[in-house]
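# Observations on the model geometry
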Protein chains: 2
Amino acid sequence: MITIRNKIRLFFSSDKKLYKSLKNSLGFYPSNINLYKQAFRHRSVCSDKTQSNNERLEFLGDAVLSAVIAHYLFMRFPFKDEGFLTKMRSKIVSRTQLNQLAKKLGITNFIKTNGDNNLLNSSINGDAFEALIGAIYIDKGFKTANDFILNTVLLPHLDVDKIEQTETDFKSKLIEWAQKKKTPFEFRVKEEIGTGISKQFIVELLIDSEVKSLGQHYSKKRAEQIAAEAAMALLPQ
Amino acid sequence: MITIRNKIRLFFSSDKKLYKSLKNSLGFYPSNINLYKQAFRHRSVCSDKTQSNNERLEFLGDAVLSAVIAHYLFMRFPFKDEGFLTKMRSKIVSRTQLNQLAKKLGITNFIKTNGDNNLLNSSINGDAFEALIGAIYIDKGFKTANDFILNTVLLPHLDVDKIEQTETDFKSKLIEWAQKKKTPFEFRVKEEIGTGISKQFIVELLIDSEVKSLGQHYSKKRAEQIAAEAAMALLPQ
């Protein structure tokens, strides 16, 4: 609910348009509009030190988002183990997913960058989305941030059942990539370190007979996924 | 505050001792004692599927702890960038730190394991501490979990200024370890992958001429730290 005081402030504010747009996207009026402006300010437009970019808020928003999604998954999947919960959460908060969510929520227009085209394919939208969550948390507290994430973002825009069924599967992505580029690849267990319960696999991923990345984990499959994910970040698309 | 109903329940409960000990450690009485029992139940004592171990609660507690510490650092260091905040947080929630906190809070006696000596040097205490935070969050909500982390854990038991000044420095810890055990070690850049902005170093850590762990990062120093941290988790103390 917007108070009379805020209404008056809003009426005289030069940020009237931003207030209204944010109300449409978020479902509530901001109290401290400057936090939201900061959330949308990419570091490329902060050459001097007088203006803050959105990276601190992104750090906070990322943590709040993780906690809220963790709780949601904990309650929604009471019989699944923490491996499943961890995997589900990384799917939900992946850069690709967050970039898409930013678009669905219509917040991409608010983001200020220096317009550099190299930035276009990056994670600017997803980062700003996380920063927005940080701003909401500071501005309105945990409950509002929690409700925003669940009721405005997750439930209307994410199909958790569908996400559950699709593999995050960087290995699949790697296979697709390799087929497209007609490039051979191979996972190789380079080493097993430790014994018993603390035994870990170090897996190396060779692309065109050259080591591209490594993955280390208690599970060999997970180590392969880690290596595939690391490689996907490096490979020309 | 403990309600009359809870008092009666407590009086007849076989968990009377645990209730009282938890009150001493946490500063409040649990509502649902089973959550706390689960938080202290290591997977080594859950051979059958009828009892749940603490790993789901650890997943949740880890996320809540991260968010609360992120917020605390965000407010405490208003002029520090997100790199600093991230680094500070990993120092605060490092396994070593969490294991110590579990001891300081006196919760290690509550933890149930199968008594396997191989487990003694692991992160069981820190994991149970995170699971406890998960239990508090489910049992009492975000505010209580937040207040517990800040007022019962962080402020009395952690010297944030001191943590700020000390390097997380797993390399220093490794050096200490190597001196104590009179064991030679060496970091070796195994490979550089990618070019330009996405160039990463793969560093291997050899202990007694044997590869013990690997680290991969854009910064060589950070890759060495990652390798040192991974090795420290594996080495006999």
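Before reading further, recall that the structure is shown in the block above.
Description of the structure in this document. (Residues numbered from 1 in each chain as written. Chains lettered and ligands numbered in written order. Predicted model: local features only at pLDDT ≥ 70, side-chain atom pairs only at ≥ 80, totals over all residues. Heavy atoms only, no water.)

### Quick look at the relation of the copies chain A and chain B
Of the transformation placing chain A onto chain B, the axial shift is 1.1 Å and the rotation is 179°, giving an RMSD of 1.7 Å. The operation mapping one copy onto its partner corresponds to a two-fold rotation axis. Considering only C-alpha atoms, the residue of chain A closest to the rotation axis is Ala67 of chain A, which sits at 3.1 Å. Of the interface residues in chain A, 98% have counterparts in chain B that sit at the interface too, so the contact is made through matching surfaces. (Least-squares fit on C-alpha atoms with pLDDT ≥ 70 in both. Contact = heavy atoms within 4.5 Å.)

### Quick word on helix 5 (residues 82–92) of chain A
Within helix 5 of chain A, the full set of buried residues consists of Phe84, Leu85, Met88, Arg89, Lys91 and Ile92 of chain A. All buried residues of helix 5 of chain A lie within an arc of 160° about the axis, which places them on one face of the element. Those residues of helix 5 of chain A that are buried lie in contact with helix 4 (55–76), helix 6 (95–104) and helix 9 (160–165) of chain A together with helix 4 (55–76) of chain B. The backbone nitrogen of Gly83 of chain A lies 3.1 Å from a side-chain oxygen of the residue at the head of helix 5 of chain A, namely Asp81 of chain A. (Buried < 20%, exposed > 50% of the residue type's maximum accessible area, 1.4 Å probe, protein only. Helix = DSSP H or I, 4+ residues; strand = E, 2+ residues; numbered from the N terminus. Arc of directions from axis to C-beta. Polar contact = N/O pair within 3.5 Å; in protein donor to acceptor, adjacent residues only side chain to side chain.)

### Digging into the sheet that holds strand 3 (residues 210–217) of chain A
Residue and element names in this part refer to chain A. An order of 1-2-3 is seen for the three strands of this open sheet, with the pairing classed as antiparallel. Across the chains shown, the open sheet's two edge strands, defined by having one partner strand only, are strand 1 (185–193) and strand 3. Each strand axis lies, on average, 25° off the axis of its neighbour in the sheet, ignoring direction. Its contacts with the sheet put helix 10 (residues 170–181) on strand 1 and strand 2 (200–207), and the angle it makes with strand 1 is roughly 145°. (Pairing = 2+ DSSP bridges. Axes fitted to C-alpha atoms, helices over the stretch in contact; angles between N-to-C directions.)

### Concerning the nonpolar core
Of all hydrophobic cores here, the largest spans 109 residues; its most connected members are Tyr36, Phe129 and Phe148 of chain A together with Tyr36, Phe129 and Phe148 of chain B. Beyond its immediate stretch of four places on either side in the chain, Phe129 of chain A contacts Leu65, Leu98, Leu101, Ala102, Leu105, Ile107, Phe148 and Val153 of chain A. (Core = buried A, V, L, I, M, F, W, Y, C linked by side-chain atoms within 4.5 Å.)

### Thoughts on the interface of chain A and chain B
Between chain A and chain B, the contact holds 40 residues from the first and 41 residues from the second. For the interface between chain A and chain B, the tally reads zero salt bridges. Run the count over chain A and chain B and you get nine residue pairs in polar contact (both at pLDDT 80 or more). Counting only elements with at least two residues in the side of chain A that touches chain B, the list comes to helix 4, helix 5, helix 7 (124–140), strand 1, strand 2, strand 3 and helix 11 (220–234) of chain A. In terms of residue count, the dominant contributor to the side of chain A that touches chain B is helix 4 of chain A (13 residues). Among the residues making up the side of chain A that touches chain B, the classes are represented as 23 nonpolar, seven polar and 10 charged. (Salt bridge = Lys/Arg side-chain N within 4 Å of Asp/Glu carboxyl O. Nonpolar A, V, L, I, M, F, W, Y, C, P; charged D, E, K, R; others polar.)

### So, the packing of helix 4 of chain A against helix 5 of chain A
All names here are of chain A. It is the contact of helix 4 with helix 5, at a shortest axis distance of 10 Å, that shows an interaxial angle of 130°. The pairing of helix 4 with helix 5 is recorded here as oblique in orientation. Between helix 4 and helix 5 lies a crossing whose hand is right-handed. The residues of helix 5 that touch helix 4, namely those facing Ser66, Ile69, Ala70, Leu73 and Phe74, are Leu85, Met88, Arg89 and Ile92. For the contact of helix 4 with helix 5, a count of residues per class yields seven nonpolar, one polar and one charged. (Parallel < 35°, antiparallel > 145°, perpendicular 65-115°, else oblique. Left-handed = near helix turned anticlockwise from the far one by under 90°.)

### Topic: helix 6 of chain A
Residues and elements named next belong to chain A. Among the residues of helix 6, those classed as buried are Gln97, Leu98, Asn99, Leu101 and Ala102. Taken together, the buried residues of helix 6 touch helix 4, helix 5, helix 7, helix 8 (142–157) and helix 9. Backbone geometry just after helix 6 places Gly106 at a positive phi near 70°.

### Regarding the sheet that holds strand 3 (residues 210–217) of chain B
All names here are of chain B. A sheet is described by the order of its strands in space; here three strands give the open sequence 1-2-3, paired in antiparallel fashion. Strands with a single pairing partner mark the edges of an open sheet, and in this sheet they are strand 1 (185–193) and strand 3. Strand-to-strand, the axes of this sheet are offset by a mean angle of 25°, without reference to chain direction. Both strand 1 and strand 2 (residues 200–207) contribute to a ladder of eight bridges, which runs antiparallel. Counted as the bridge partner of Glu191 is Ile202 from strand 2. Across the sheet, helix 11 (residues 220–234) touches strand 1, strand 2 and strand 3, and the angle it forms with strand 3 is around 135°.

### Quick word on the packing of aromatic side chains
According to the stated counting rule, one finds nine aromatic pairs over all chains in the structure shown. With a centroid separation of 5.3 Å and 55° between ring planes, the pair formed by Phe40 of chain B and Phe110 of chain B is classed as tilted. Taken together, the residues span a long stretch of sequence, with Phe40 of chain B in the loop between helix 3 (33–39) and helix 4 and Phe110 of chain B in the loop between helix 6 (95–104) and helix 7 (124–140) at a distance of 70 residues. Per residue, the accessibility class of Phe40 of chain B equals that of Phe110 of chain B, and both read buried. Connected via pairs of aromatic rings, a cluster forms that spans Tyr137 and Phe142 of chain A together with Tyr137 and Phe142 of chain B. In this structure, Arg56 of chain B packs its charged tip against the face of Phe74 of chain A, placed 4.3 Å from the ring centre. (Phe/Tyr/Trp six-rings, centres within 6.5 Å; stacked < 30°, edge-to-face > 60°. Lys NZ or Arg CZ within 6 Å of the ring centre and 35° of its normal.)

The values are spatial; any link to function lies outside them.
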